[in-house]
Amino acid sequence: WYIGARPGMGKSAFISCSAIRNAKVGIPSLIFSKEMTRQPLMERFISLETGIPLFDIRQGILDKDKVEIIREVVKKMSDYPLYIDLNFTSSVQQMESTIRKYHSIYNTEVVYIDYIQLLSERDENQTQELGKISRKLKLLSNQLDICCVVLSQLNRDVEHRDNKRPVSADLRQCGNMEEDADFVIGLYRDEVYDKETKDKGKLEFIVLKQRNGPTGMLKLGFDGTTAQVKED
């Protein structure tokens, strides 16, 4: 799966929600976070599980009852089959080795990567390098029978269009990503561009490619205070 969106649309929020939901029903999941450190990632998980606004958790605006709720949730979360890799300097080869290790030891079924452009150097060879990484992830998914969910930035050209909803070609330095993907998803929140929109609190989950099924758009709810994505 490739999930693409411009900054602030909810990419990290979406996979955080997905990973937590998987873990709660016993689906072992592994997250490679190349952008966030452990603390902000854990704050997201705690906000999702408790419903306490993310800002309040980060600023420590908590009364005794909320502190106790957080303590109980953290204790419960420690038993979730959810694993996090925060090695910002790891190579693609090291990431592949980690995926194989966690799959062998913990039988991880879903791998999340946030985000693919951070796995390569930002130079004239980036497109070619991302194509190689994409192919490697595709082969690894097939070999281990796992699901890889990969976040991707979108080209800045999106900002110059009247309709800023993503299309497959917007995947930045897309290389073979669109070709390799079984699913290409675009995320879009109209309120990012239009503060007066009627779609406040909505996240458009746009299926741009589905190898064995239809494409289309599904509207989801988005709670900015907890970064919660939910069925509308």
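Thresholds, definitions, all that
- Residues numbered from 1 in each chain as written.
- Predicted model: local features only at pLDDT ≥ 70, side-chain atom pairs only at ≥ 80, totals over all residues.
- Heavy atoms only, no water.
- Helix = DSSP H or I, 4+ residues; strand = E, 2+ residues; numbered from the N terminus.
- Rg over C-alpha atoms; globule rule 2.2 N^0.38 Å.
- Buried < 20%, exposed > 50% of the residue type's maximum accessible area, 1.4 Å probe, protein only.
- Contact = heavy atoms within 4.5 Å.
- Areas by Shrake-Rupley, 256 points an atom, 1.4 Å probe, with all protein chains shown as cover.
- Lys, Arg positive; Asp, Glu negative; His and termini not counted.
- Charge placed at Lys NZ, Arg CZ, Asp CG, Glu CD.
- Salt bridge = Lys/Arg side-chain N within 4 Å of Asp/Glu carboxyl O.
- Phe/Tyr/Trp six-rings, centres within 6.5 Å; stacked < 30°, edge-to-face > 60°.
- Pairing = 2+ DSSP bridges.
- Core = buried A, V, L, I, M, F, W, Y, C linked by side-chain atoms within 4.5 Å.
- Axes fitted to C-alpha atoms, helices over the stretch in contact; angles between N-to-C directions.

A few words now on the overall build of the protein. Each helix and strand counted, the protein has seven helices and nine strands in total. Here the protein has a C-alpha radius of gyration of 18 Å; the compact-globule value for 232 residues is 17 Å, and the two agree. Across the 232 residues of the protein, 51% fall into the buried class. Of the contacts made within the protein by residues no fewer than 6 positions apart, 65% connect residues no fewer than 24 positions apart. Accessible surface, the protein: about 12,000 Å² in total, of which carbon and sulfur atoms supply 47%. Of note, the protein has its 34 positive side-chain charges centred 1 Å away from the centre of its 35 negative side-chain charges.

Before going further, it helps to examine the pattern of salt bridges. What the rule picks out here adds up to 14 salt bridges. The residue Arg135 makes a salt bridge to Asp180 at a minimum N-O spacing of 3.2 Å. You can see Arg135 sitting in helix α6 (residues 126-144) and its partner Asp180 sitting in helix α7 (residues 177-180), a full 45 residues away along the chain. Here Arg135 falls in the partly exposed class, since its relative accessible area comes to 41%.

Here the structure, examined in full by the defined rule, presents six aromatic pairs. Consider the rings of Trp1 and Phe183, whose centres lie 4.1 Å apart with planes at 20 degrees: the pair is stacked. Residue Trp1 is located in the segment before β1 (2-4), and its partner Phe183 is located in strand β6 (residues 183-188); the two are separated by 182 residues in the primary sequence. Classification of Trp1 by relative accessible area gives partly exposed; the value is 31%. Residue classification places Phe183 among the partly exposed positions, given a relative accessible area of 21%. With centroids separated by 4.3 Å and ring planes inclined at 25 degrees, the aromatic side chains of Tyr83 and Tyr106 adopt a geometry described as stacked.

For the rest of this paragraph, the subject is the pairing of β6. Taking burial as the measure, the six residues of β6 include five buried ones, the bulk of the element. In terms of strand pairing, β1 meets β6 through three bridges, oriented parallel. By the bridge assignment for β6, Gly4 is matched with Gly186.

Within soluble globular proteins, side chains that are nonpolar generally end up buried alongside one another. In this structure, Phe14, Phe45, Leu82 and Leu187 are the most contacted members of the largest nonpolar core, which totals 37 residues. Ranked by residue count, the leading element in this core is helix α1 (residues 11-24), at seven residues. If we skip the residues at most four places from it in the chain, Leu187 touches Ile3, Gly4, Ala5, Met9, Gly10, Lys11, Phe14, Pro166, Leu203, Glu204 and Phe205. Listed in part, the 26 residues of the second largest apolar core include Phe32, Val111, Leu119 and Leu140.

Among the secondary structure elements, Gln93 is positioned in helix α5 (residues 92-106). Separated by 43 residues in the primary sequence, Gln93 and Lys136 place their C-alpha atoms 9.5 Å from one another.

Now for the sheet that holds strand β8 (residues 216-223). A sheet is described by the order of its strands in space; here nine strands give the open sequence β3-β2-β4-β5-β1-β6-β7-β8-β9, paired in mixed fashion. At either margin of the open sheet sits one strand with a lone partner, and together these are β3 (82-85) and β9 (228-231). Mean inter-strand twist for the sheet, computed between neighbouring axes without regard to direction, equals 25 degrees. The pairing of strand β4 (residues 110-114) with strand β5 (residues 147-152) spans four bridges and is parallel. Each bridged residue has a counterpart across the sheet, and for Val110 the counterpart in β5 is Cys147. Here helix α2 (residues 38-50) sits on the sheet in contact with β2 (29-33), β3 and β9, set at roughly 155 degrees to β3.

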